[in-house]
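Chain and residue survey
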Amino acid sequence: MLRKIERSALKENMRFSAPVFFDDGVYMLVNEGIPIHKRELDALERWDIPYVLTAGSEVKDGEELPEPEELEELVDDTFEVSEGYNNKRSGIEEHNPLSGEQITKLPEVLKKSALYTAYEGLINKLDVVFAMIKNRQEIKAHAVDGIVNDLFNLVKTERVSMVGFILGGSVTGKDLAKNGVNSAIISMIIADSFRIPDVHLTRIITGALLHDVGMLRINDSILNKEGRLSEDETTLIQSHTVYGYKIIVDNLFYPEEVGHIAARHHERWDGKGYPSGISGRQIDTASRIVSAADAFEAMVSPRSYRNSMLGYDAMKNLVADNARRFDPDIVKAMIQNMGIYPIGSIVLMNNSVIARVIEACPQTPLRPKIKVLIDEFGQVFPDNKGDIIDLKTNRNLFIVRAVNPSESRKAPGVK
């Protein structure tokens, strides 16, 4: 819970056990454990800031910082203070960014690295499988098994890059196949954190790839309809879960464990989902994992009818769900393994550096490893040659906010 501290009560060298924010509850004045210096006090007076906000308490000289808060509390406080930022009071000069393509796409994407080509190939192969299913052509399970095996090996060895491709990729169209592959990548990362045996892990990957396969049995006129669906049309859309189960079990001959993922990925933790309205641990673990992974993927991927959402905002939405749709343990595992600022996110640092998150830290999800895209002097590093900074060990730097690459920024001194 954030509390107010009047400006007049702040003194030089005061430290707090949690970050201290300006009165708008958005930008940090100082991070936890960092002394307040005269320059911060002068800034508060110059900008006429009457008070600051913090969830912590004052740390006296010689005292150690308390142990970190539970993850849920940490995340709640972080997201609470990040709503509705106000640039007028940030005091942070923002730079002219890289070109839109450079900043939104990873260098591996721009250069079509072998790894990115392999990721793109997974989507293309799954798209071919889906086309055959849609046209009711005979298809063997081994066609899907090959994609599962390739994806399994890629995520095992290149997890960071594969997650980065979800946010910074360039595949257009093929939405169903892309959603399947991306959901499978996220699902595998979540499931692997629970130490699920490989044989069950591959079944979760298979179910994630095929979780929406039942959509191929829904008439295109309904799927592409503009405007509100009728009650009957909504019922037809929801029937894709049943169609998906039948395709997976009856046509592809996968075990029911895989079919249940398609059947149950729209069930909710609170029991208000479909088709059966089951709740909590009545829903199998695999289906709960794929449900959260699918929701995150849908939020961060652009669609013909809307823009994509920042990875940070997607994580915030999952946390704000508050155990309605999603198993909170699954959401917690996502944050620990992908970060509050997911891999591939663009972030603004407190020293005006613009960077890309390249690795999450499960122990400190607010302090990932980053690579500099634009340094504090406005120098651009377009070829992935910027410094790598581990925020877990560099306590003087912290993330101010996630950056939408489409924002317009000016370099210092540029009119």
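The structure we're discussing is the one just above.
What this report covers is the structure whose coordinates are included nearby. (Residues numbered from 1 in each chain as written. Predicted model: local features only at pLDDT ≥ 70, side-chain atom pairs only at ≥ 80, totals over all residues. Heavy atoms only, no water.)

A few points about unusual backbone geometry
Cut-off, in case you're wondering: Each helix is a run of H or I in the DSSP string that is no shorter than four residues. Each strand is a run of E no shorter than two, and both are numbered from the N terminus. Exposure categories follow from relative accessible area, calculated using a 1.4 Å probe and restricted to protein chains: below 20% of the type maximum is buried, above 50% is exposed, and the middle band is partly exposed.
Of the consecutive residues Tyr-274 and Pro-275, the connecting peptide bond is found in the cis state with omega at 10 degrees. Examined against the element boundaries, Pro-275 turns out to sit in the loop between helix 12 (256-264) and helix 13 (285-300). For Asn-322, which is not glycine, the phi torsion reads 55 degrees and is therefore positive. Here Asn-322 is to be found in the loop between helix 14 (311-320) and helix 15 (328-338). Residue classification places Asn-322 among the exposed positions, given a relative accessible area of 59%. Of note in this structure, Ala-323 is not a glycine but carries a positive phi near 60 degrees. Mapped onto the elements, Ala-323 comes out in the loop between helix 14 and helix 15. Judged by relative accessible area, Ala-323 falls into the partly exposed class, the value being 31%.

With respect to the pairing of strand 7 (residues 346-349)
What counts, and what does not: By this definition, two strands are paired if DSSP reports at least two bridges between them.
Every second residue of strand 7 is oriented toward a common face, with Ile-346 and Leu-348 on one face and Val-347 and Met-349 on the other, all of them buried. Both strand 7 and strand 8 (residues 354-359) contribute to a ladder of three bridges, which runs antiparallel. For Ile-346, the partnering residue across the bridge sits in strand 8 and is Arg-356. Hairpin connection of strand 7 to strand 8: four residues between the antiparallel strands, including Ser-352 at a positive phi of 80 degrees.

Remarks on the side chain of Asp-327
Condition: Nitrogen and oxygen atoms within 3.5 Å of one another constitute a polar contact, given that in protein one can donate a hydrogen and the other can accept it, and given that sequence-neighbouring residues count only through two side-chain atoms. A contact between two residues is defined here by any heavy atoms of the two lying within 4.5 Å.
Looking at the element boundaries, Asp-327 is found in the loop between helix 14 and helix 15. Residue Asp-327 is classed as buried on the basis of its relative accessible area, which comes to 3%. Within the structure, the side chain of Asp-327 is placed 2.9 Å from the side chain of Arg-288, a separation counted as a polar contact. Not counting the four nearest positions on each side in its chain, Asp-327 is found in contact with Trp-269, Arg-281 and Arg-288.

Re helix 5 (residues 114-134)
Defined as follows: By this rule, a helix spans an expected 1.5 Å times one less than how many residues it contains.
For helix 5, with 21 residues, the first-to-last C-alpha span of 30 Å sits near the 30 Å given by 1.5 Å per residue. Contacts from the buried residues of helix 5 go to helix 4 (107-110), helix 6 (141-168), helix 7 (175-193), helix 8 (198-210) and helix 11 (240-251). Directly after helix 5, the chain includes Arg-136, whose backbone phi takes a positive value near 60 degrees.

Focus: the nonpolar core
Note the cut-off: Among buried residues, the Ala, Val, Leu, Ile, Met, Phe, Trp, Tyr and Cys ones that are joined through side-chain atoms within 4.5 Å form a nonpolar core.
By size, the foremost hydrophobic cluster in this structure holds 88 residues, and its most contacted members are Leu-151, Ile-185 and Leu-209. Element by element, the count of residues in this core is highest for helix 6, at twelve residues. Once residues within four sequence positions are removed from consideration, Leu-209 is found in contact with Leu-126, Phe-130, Val-144, Ile-147, Val-148, Leu-151, Gly-180, Val-181 and Ala-184. Ile-5, Val-30, Leu-44 and Ile-49 belong to the second largest nonpolar core, which has 13 residues in total.

Concerning the packing of aromatic side chains
Counted only if it meets this: Each Phe, Tyr or Trp ring, with Trp reduced to its six-membered ring, pairs with another whose centre is within 6.5 Å; inter-plane angles below 30 degrees give stacked pairs, above 60 give edge-to-face pairs, and intermediate values give tilted ones.
Per the stated rule, a full pass over the model turns up four aromatic pairs. Ring geometry for Tyr-116 against Tyr-119: centres 5.6 Å apart, planes inclined by 40 degrees, an arrangement best described as tilted. Remark: Tyr-119 and Tyr-116 occur in helix 5; sequence separation between them is three residues, near one turn of the helix. With a relative accessible area of 0%, Tyr-116 lands in the buried category. The class of Tyr-119 is buried, set by a relative accessible area of 2%. Seen from their ring centres, Tyr-116 and Phe-165 are 4.9 Å apart, and the 80 degrees between their planes marks the pair as edge-to-face. Within this pair, whereas Tyr-116 is found in helix 5, its partner Phe-165 is found in helix 6, the two being separated by 49 residues in sequence. Summarising the burial analysis for this pair, Tyr-116 and Phe-165 share the class buried.

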